[in-house]
Amino acid sequence: MLNGREREAFALKVIDEVRRWPGVEMRPHASHQEAGEDDGVEFRLYGRQIGHIHTDCGVHLSLTKALKATVVRERLAEPLDNVSTAGWTMFNPVSCGDAEQAIWLLRLNYVRLRRQRMTPTAAAASDLLRKHQDALRKVSESISSVVELTQARKPRPLPSLEA
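Quick notes on the rules
Residues numbered from 1 in each chain as written. Predicted model: local features only at pLDDT ≥ 70, side-chain atom pairs only at ≥ 80, totals over all residues. Heavy atoms only, no water. Salt bridge = Lys/Arg side-chain N within 4 Å of Asp/Glu carboxyl O. Phe/Tyr/Trp six-rings, centres within 6.5 Å; stacked < 30°, edge-to-face > 60°. Helix = DSSP H or I, 4+ residues; strand = E, 2+ residues; numbered from the N terminus. Buried < 20%, exposed > 50% of the residue type's maximum accessible area, 1.4 Å probe, protein only. Contact = heavy atoms within 4.5 Å.

1. Here's the deal with the pattern of salt bridges
Considering all chains together, one arrives at nine salt bridges under this definition. In this structure, Arg-20 and Glu-17 form a salt bridge, with 2.2 Å as the shortest nitrogen-oxygen distance. Among the charged side chains, a network of salt bridges with common partners joins Glu-17, Arg-20 and Arg-107.

Here's what the structure looks like:
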């Protein structure tokens with residue numbers, strides 16, 4: 001279990017890295033236990049949540065069923081089964097050094113969500129995606145190939161800028 005100083009160092013390292021990724025927006029994550037209270041920070045891309053980090057430094061993210069199964073099988077995260085959708089996973093750090101694994105998991109979902117907005121040709125030509133996918137391959141080659149299977153046949157349209 002992380003102490004207060006370690007939690008702060010862990011969270012700051014994760015937040016500092018993820019907020020630098022193009023298109024990422026940060027906002028407070030609403031607590032599910034206390035209405036009107038915040039329980040950490042969530043990261044969004046195209047209006048969809050990449051994942052969130054709670055004040056206790058637990059990291060939660062929603063993946064496809066195939067990605068979740070692969071991540072859990074390779075012991076990179078645990079299933080989070082008491083939620084409304086089947087793809088949620090969690091990662092509970094035990095040391096400050098676990099920030100790299102949390103970043104890797106969030107990067108996984110970032111790549112997945114980016115790929116959904118691109119054609120396969122555009123995804124293959126993207127230097128940004130190539131950089132992030134290379135980082136994913138350093139941990140797991142099999143997960144990197146599963147991410148490519150999540151590629152939409154037709155790119156999903158970007159959300160409207162009108163309110």
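2. Here's the deal with the packing of aromatic side chains
Under the defined criterion, the tally for this structure stands at one aromatic pair. Pairing Trp-21 with Tyr-110 gives two aromatic rings, centres 5.1 Å apart and planes at 45°, and the pair type is tilted. In this pair, Trp-21 sits in the loop between α1 (4-18) and β1 (25-30) while Tyr-110 sits in helix α3 (residues 99-115), placing the two residues 89 residues apart along the sequence. Residue class for Trp-21 comes out buried when judged on its relative accessible area of 3%.

3. Here's the deal with the environment of Cys-57
One can find Cys-57 in the loop between β3 (48-53) and β4 (59-62). Along the chain, Cys-57 and Asp-39 lie 18 residues apart, while their C-alpha atoms are 9.9 Å from each other. Residues contacting Cys-57, with those up to four places away along its chain left out, are Leu-2, Arg-7, Phe-10, Ala-11, Phe-91 and Pro-93.

4. Examining unusual backbone geometry
A positive phi angle, near 55°, is found at Tyr-46, a position not held by glycine. Within the element layout of this structure, Tyr-46 appears in the loop between β2 (38-45) and β3. We note that Arg-75 has phi near 60°; this positive angle belongs to a residue other than glycine. Along the chain, Arg-75 turns up in the loop between α2 (65-73) and β5 (78-79). Using a relative accessible area of 74% as the deciding quantity, one classes Arg-75 as exposed.

Geometry only, nothing functional implied.
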